[in-house]
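Fold and geometry: a report
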Amino acid sequence: LLAALASRAGDRVDVLAMDDAVRAQVRGSAGPVLMTELAEHLTDVEPHLTELDWTLVASLVRTTLSQRALVVVISALDGSAGDATMIRTLAALAREHTVVLGSALDPELEELRSTRDDTDSVYVAASAEKDLVEMHAVRRRLSRGGVEVVEAADQGLAPALADCYLDLKAAGRL
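Residues numbered from 1 in each chain as written. Predicted model: local features only at pLDDT ≥ 70, side-chain atom pairs only at ≥ 80, totals over all residues. Heavy atoms only, no water.

A few points about the environment of T98
Considering the arrangement of structural elements, one finds T98 in strand 4 (residues 98–104). Note: C-alpha distance between T98 and V33 (65 residues apart in sequence) is 26 Å. A polar atom in the side chain of T98 sits 3.2 Å from the backbone oxygen of R173. (Helix = DSSP H or I, 4+ residues; strand = E, 2+ residues; numbered from the N terminus. Polar contact = N/O pair within 3.5 Å; in protein donor to acceptor, adjacent residues only side chain to side chain.)

Listed below in C-alpha cells is the structure:
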C-alpha cells in the first residue's frame, strides 16, 4: 500500500526484504511495473526467526541513497536488550533521512498482562507487563533519536504506514 501510494505521488520507491542477508530487492521501477516487480520479488520471501543484521541495513541505506529520503523499516519491537543495536542504527540513519519503524502489535500481550486467574497466570502477567514497559522505553528512545514509530495490529499496519507517509508529506518532512 505504501509503495503504491508513494509511487503514485511521484516518489522513487526502492524495496529491500532482508534479515541477515538480502532476500529480495526492487529498485528503479515506477507505476504498474513497480507493483508487478514487488509481487514477483516478494512472493517467495518467507519469514525467518533470524536476527536482523542492522549493520547491513545501515550499509545498504547509505550506499543506495544519495540524498535525504524516507526510510521505512518493518521489524519487531521487542523491548529486549537486542534492541540497542536497532536504536543506534535507526537513530544514526535518522540524522540523514526520515526514518519510520513499522511494527505489528501483539494483541495477546495485553491479554496476558490482564489475566490473573491463578499463580501461573500471575507470573505470565508480570512477564507481559515487563515486556510492555520495556517496549515503551524502546519507543521513547527511538522517538528521541528522531525515528517515527508506527505500531498497529497486523492487518492495520499497512494503512497506518500509509497514514504516516501522508502526515510526513503534509508536514513537509519528505
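Considering the pairing of strand 2 (residues 22–29)
Pairing between strand 1 (residues 13–18) and strand 2: 5 bridges, direction antiparallel. Bridging from a neighbouring strand, M18 pairs with V22 of strand 2. Between the antiparallel neighbours strand 1 and strand 2 lie 3 residues. (Pairing = 2+ DSSP bridges.)

Concerning the sheet that holds strand 4
An order of 3-4-5 is seen for the 3 strands of this open sheet, with the pairing classed as parallel. Edge positions in the sheet fall to strand 3 (70–74) and strand 5 (147–152), since each of these pairs with one other strand and no more. Adjacent strand axes in the sheet meet at a mean angle of 20 degrees, parallel and antiparallel pairs treated alike. Here 6 bridges tie strand 4 to strand 5, and the two strands are oriented parallel to one another. When the bridges of strand 5 are listed, G102 appears paired with V150. (Axes fitted to C-alpha atoms, helices over the stretch in contact; angles between N-to-C directions.)

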